[in-house]
Amino acid sequence: MTILKRIAKRIIFPFRKGRLEQDLEEEIRFHLEMEVEANLRAGVDPAEARRRALLAFGGMERYKTQAREARGGLGFEKFLQDLRLSARTLVGTPLFSGAIILVLGLGIGASTAIFSVVNGVVLRPLPYPDPDRLVAAHMTDEEDGDFEVPWSVPSLRDAASEQVSLASLTGWGWIDVTLTGIGDPAVIYAVGVSDGMLTTFGIQPFLGRDIRPEESLSNGPRVTVLTHSFWQEQLGGDEGVLGRTLRLSNQTYEVVGVAPPGFAFPSSAALWIPGHWSEDTHPRGRHFLRGIGRLNPGTPIETAQAELSSIAARLEEEHPETNRARGIHLVPLKEQTVGDVRLALLILLGAVGMVLLIACANVANLLLARGAARMREVAVRATLGAGNGDIVRLLMTETGLLVSLGGTLGVVLALLGVKGFLAASPGGIPRLGEIAVDGTSLVVALGLVVTVTVMVGFLPGYRSANTSIAAVIREGKDKKIQVGDRRITQSGLLTLEVALSLVLLLGAGLMSRSLIELRRVDLGFDPENIYQFTLTLPEAGYHNPELIAFQAEFRGRLATLPGVESVALINGNPLGRSHTTMGFEFVGYERDPEGPDPNMLIRRVSPGYFETLSIPLLRGRSFGARDREDGEPVAIISETAAARHWPGEDPIGHRFSFDLDDPDQPVWTIVGVVGDVRSTDIITATWPEAYFPMAQWPRSTVTAVVRTRPGSRAIEDAFRQVVGEMDSSLPLYHVESLSERIGDFMASDRFYLGFVGIFATLATILSAVGLYGVVAYLVSKRTREIGIRIALGAGRKEILSLVLSENVTPVLLGTVLGVAGALAGGQVLGSLLYQIRPWDPVALFGAVGLLVSVAGIATLIPARDAARIPPTVAMKVE
Amino acid sequence: MPKGKPDLLHGTLELLILKTLALQPLHGWGIAKHIGHLSQEVLEIGQGSLYPALYRLEDRGWIRAEWGVAETGRRAKVYELTKKGAKQLASEEAHWEAFSVAVNRVLGSA
């Protein structure tokens, strides 16, 4: 018989069972009759002949069963039978089954959900052709610990034209543009590029062509390539879009191409335009571009890195004043995209894995306890002819059914969980759009179901099957041994639960401590009651005098609004989206040649800025009305800038320039020093900063910073009204409160803390339930013994300590293991923590204290109940 | 099993069944009687274990069964050897030969 036939036979077996059974019956009858006839022939009387025949045949039913088994095809039949039996058992104990399905559903669901997130963000390759060839390229400041810095236009152009290991190297920077002529004026996210973005990613345009490198030169044509979604949403997917023009910041751009659906880089880009940067407006010292490149096929990243490092060295030689200690660094794009999030997500995955393990330990414990309660049933089955294999199989089927139901619930929960994750996720997690519960996730869920079944089912199944029938039937004498044996397994599982819970609790503790520290960070300014919003005047319509006049009037009008205490304007607001650093040259000051690279973060502010944000003036004076366009060019620097660039001196009166060779560039005189602020984000230490009067260095994009009286409401509409009255074609960015903005910076920490917190809580509850269940079960098993002890004069204290002492070991051992595990795991967490060490004593003692108390209560309740048992009741049990 | 009669070695029953069927197709009872006769009632097959063995052999495809009519005119399930079974028989016989020679040598030398 071929394998296929055998398999077919097994599957159709249950349907042919009736006939086969008849055959067996008939064949045995034939045999018996032949035997009887033979006996009759030998002269035995009929009754005796039949008796002998039966005797010779042996135990009929037993042999029938053996014959059935030998016939084959019974596996599937037995499976169906086991399944029916299991379903009946589970329905018979709805509370028990429900609890297990829920616990496993939560465990498997949470694991599958987090896995889906990790898979979408971290594991899956980037959704571009040959994603491994894509690299992020940036410059580094070798003096500042290889700190990442953006490119300057000339450096990028030099590197791009000299290098040969990349198929292309594109620089890009955000350009805020106002789209007019389609509905209300809107600020859209345009990306200025030095080369075609689609070309770099190796993607064919959906329509038309990509931007060409020569188009990004300062005299290049105004063309644009649209993202598919912008084309669909703003232009209705117009097929004849090529050659159409768009008004962007009062300039006309011709549409030359549309990207294929789903492609946008950076992900919030609406369209790409040529950068049109010139070396005059964007000199070598001005760093603001980010770079992305595509390796030539077969070129390893190390080769490209070596080549670009040598280019960086040559640039340093040719332009020592701007490129000193500037390296070039390549990172695989995926690493750049996923970055820190990878670690955070992997930690979440680890945390959820621990919850799943605890859930498994709990379920295994429950099954063990029930296995004990079912010993009689198992013994009866064994007496009726079930072999060890049959019993293990039955119990495994039961467990498998439970876990499968839990897994099904888990997949449903995972779908909800992923939705919840996406809804709750803060900005900063890349590739959110790629997260889904997909085939891979379902395979993982299935794998979990199988693994969990084996983990939680094998031990109790094995235990039950190896229980000696005699021992059960003689229950009482051997019970002690059985219980003792079981105890070791249960204690082991409890130890595991306690240890894992502690690790999670400590993780959650560390993260909350870190978040508290983060809230305590001294930002250097007072964010309370500050609103901010950004406004961009189209450069074409406003030249410097008009710009200055408009901004002055704008500030004046805002200041008169009810509820407003003070107003200032700034270009490059703290904690904003973009920052510019510029290298400068000292004037009349001998710089230490070994000293730090002279550069500062540039901010242009209106009078009243420091006062509005409560940034303390440490020396000299603040900006005032006299610092007009025609006044002496002045600057105020931050404390860090003073200490770094003019160490040991009073910087007031010192002068510097951004380009001494350019006669149009002013020479700035320092008139004041102000306190440091956290400028780029709240964690990164302060940068050297320089402030300039906006009137002396006008910008078309300004952020209004408004301090309001506490409790001022509806201020946003008032802002809109002022802007609308002054120029109805101006769009207004989202108005936000500075405190909210700071909250956003902590959002991701809060987010991860939230998840770890949920997992830790879940773990603790599960462990407590596990402890409670086991202790309660043991107490119930020993009720009789306890009753005897009480009757013999044992006090409540003795009983309590008797029950407690047996459960102290797993809790203490678990605590020790947990602390050890947590300290090891804390190292992993370390980089996510702010100013908190992984062995932070507050978190450590807090977690241990909490866990031990919860464990204590979970043990104490059943122990106390045991001590209260009246001996008369206890003795009657069983 | 009565005392004084050797227990069948594991797997030998199958060999005996195959050998019996190599002579002629036969029903279960006939097989048992045949083996009993030939062994001069030394090998009395625990008859209940006959059918499991038959079913096992059928499942493996070494023998096949058909409902026919026995000598007595009763409906009986008659087993016959398949080609595969014949091959199996040849190899098992050889195996048994080697085995019994080996055992005899050991016993003879003791």
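None of the values given here were measured: they were computed from a predicted structure. (Residues numbered from 1 in each chain as written. Chains lettered and ligands numbered in written order. Predicted model: local features only at pLDDT ≥ 70, side-chain atom pairs only at ≥ 80, totals over all residues. Heavy atoms only, no water.)

## Regarding the overall build of chain B
Counting its regular elements, chain B contains four helices and three strands. Secondary structure of chain B in N-to-C order comes out as α-β-α-α-β-β-α. For chain B, the residues scored as buried account for 40% of the 110 residues in total. Sequence separation of at least 24 residues holds for 53% of the intrachain contacts in chain B that already meet a minimum separation of 6. Accessible area of chain B: about 6,400 Å², with a carbon and sulfur share of 58%. (Helix = DSSP H or I, 4+ residues; strand = E, 2+ residues; numbered from the N terminus. Buried < 20%, exposed > 50% of the residue type's maximum accessible area, 1.4 Å probe, protein only. Contact = heavy atoms within 4.5 Å. Areas by Shrake-Rupley, 256 points an atom, 1.4 Å probe, with all protein chains shown as cover.)

## Things to note about the pattern of salt bridges
All names here are of chain A. A complete count under the given rule lists 22 salt bridges over all chains for this structure. Salt-bridge contacts for glutamate 725 lead to arginine 557; the nearest nitrogen and oxygen are separated by 3.1 Å. Of this pair, glutamate 725 sits in helix H20 (residues 715-726) while arginine 557 sits in helix H17 (residues 544-559), placing them 168 residues apart in sequence. For arginine 557, a relative accessible area of 30% puts it in the partly exposed group. (Salt bridge = Lys/Arg side-chain N within 4 Å of Asp/Glu carboxyl O.)

## Let's talk about the packing of helix H1 (residues 12-23) of chain B against helix H2 (residues 28-38) of chain B
Residue and element names in this part refer to chain B. Where H1 meets H2, the axes come as close as 10 Å, and the angle between the chain directions of the two elements is 100°. The pairing of H1 with H2 is recorded here as roughly perpendicular in orientation. Residues Leu16, Ile17, Thr20, Leu21 and Leu23 of H1 form the contact with H2, whose participating residues are Ile31, His34 and Ile35. Of the residues in the contact of H1 with H2, the class split is six nonpolar, two polar and no charged. (Axes fitted to C-alpha atoms, helices over the stretch in contact; angles between N-to-C directions. Parallel < 35°, antiparallel > 145°, perpendicular 65-115°, else oblique. Nonpolar A, V, L, I, M, F, W, Y, C, P; charged D, E, K, R; others polar.)

## What to know about the sheet that holds strand E3 (residues 75-81) of chain B
Residues and elements named next belong to chain B. Spatial strand order, E1-E3-E2: three strands in an open sheet with antiparallel pairing. Pairing within the sheet leaves two strands with one partner each, and these edge strands are strand E1 (26-27) and strand E2 (63-69). The sheet contacts of H1 involve E1, E2 and E3, and relative to E3 the element is tilted by about 100°. (Pairing = 2+ DSSP bridges.)

## Re the nonpolar core
All names here are of chain A. Within the largest apolar cluster, 100 residues are counted, with the highest numbers of intra-cluster contacts made by Leu345, Tyr609 and Tyr691. Both of domain 3 (496-520 + 740-878) and domain 4 (539-728) provide at least three residues apiece to this core. Those residues within four positions of leucine 345 in sequence are excluded, and the remaining contacts are Val117, Val118, Val121, Val122, Phe421 and Tyr752. (Core = buried A, V, L, I, M, F, W, Y, C linked by side-chain atoms within 4.5 Å. Domains from an automatic or database assignment.)

## Observations concerning the pairing of E3 of chain B
Residue and element names in this part refer to chain B. Where E1 meets E3, two bridges bridge the pair, whose relative direction is antiparallel. Bridged to leucine 26 within E3 is tyrosine 79. Two strands pair when backbone bridges link them, and E2 and E3 are joined in this way by seven bridges, in the antiparallel orientation. Pairing of glycine 68 across the sheet is with alanine 76, part of E3. Hairpin connection of E2 to E3: five residues between the antiparallel strands, including glycine 73 at a positive phi of 90°.

## Considering the packing of helix H5 (residues 94-123) of chain A against helix H21 (residues 738-781) of chain A
Residues and elements named next belong to chain A. Close contact between H5 and H21 brings their axes to 12 Å; oriented N to C, the two are set at 155°. Classified by the interaxial angle, the pair formed by H5 and H21 is roughly antiparallel. Of the two elements, H5 crosses H21, and the hand of that crossing is left-handed. The residues of H21 that touch H5, namely those facing Val103, Leu106, Ala110 and Ile114, are Phe755, Phe759, Leu762 and Leu766. When grouped by side-chain class, the residues that make up the contact of H5 with H21 number eight nonpolar, no polar and no charged. (Left-handed = near helix turned anticlockwise from the far one by under 90°.)

## A closer look at the side chain of glutamate 497 of chain A
Mapped onto the secondary structure, glutamate 497 of chain A falls in helix H16 (residues 479-519). Leave out the neighbours within four places in its chain, and glutamate 497 of chain A touches Ile358, Ala361, Asn362, Asn365, Leu766, Ser767 and Gly770 of chain A.

## Section: the confidence of the model for chain B
Residue and element names in this part refer to chain B. Mean pLDDT over chain B works out to 80, with 86% of the residues at or above the 70 mark. In the predicted structure, residues 1-6 sits below a pLDDT of 50 and forms nine contacts with residues beyond four places in sequence or in another chain. Model confidence for the complex is summarised by a pTM of 0.65, with the ipTM given as 0.76. (pLDDT = per-residue confidence, 0-100.)

## A few points about a nonpolar patch on the surface
On the surface, a cluster of nonpolar side chains totalling about 380 Å² of accessible area is made up of Leu446, Val450, Val454 and Phe458 of chain A. Tracing the backbone shows valine 450 of chain A in helix H14 (residues 439-465). (Patch = residues over 30% accessible without salt bridge, like charges linked within 9 Å, V, L, I, M, F, W, Y side chains within 5 Å.)

## Considering the packing of aromatic side chains
Residues and elements named next belong to chain A. Per the counting criterion, the structure on display carries 35 aromatic pairs over all chains. When the ring of tryptophan 646 is compared with that of phenylalanine 656, the centres are 6.3 Å apart and the planes differ by 50°; the resulting orientation is tilted. Of this pair, tryptophan 646 sits in the loop between helix H19 (639-645) and strand E20 (655-657) while phenylalanine 656 sits in strand E20, and the two are 10 residues apart along the sequence. In this structure tryptophan 646 comes out as buried when scored by relative accessible area, which is 0%. One aromatic cluster is present, built from ring pairs that chain together Tyr128, Trp172, Trp174, Tyr189, Phe201, Phe263, Phe265 and Trp272. Positioned above the aromatic ring of phenylalanine 288 is the side chain of arginine 286, whose terminal nitrogen or guanidinium carbon lies 5.5 Å from the ring centre. A cation over an aromatic ring shows up here: arginine 604 above the ring of tryptophan 697, its NZ or CZ 4.5 Å from the ring centre. (Phe/Tyr/Trp six-rings, centres within 6.5 Å; stacked < 30°, edge-to-face > 60°. Lys NZ or Arg CZ within 6 Å of the ring centre and 35° of its normal.)

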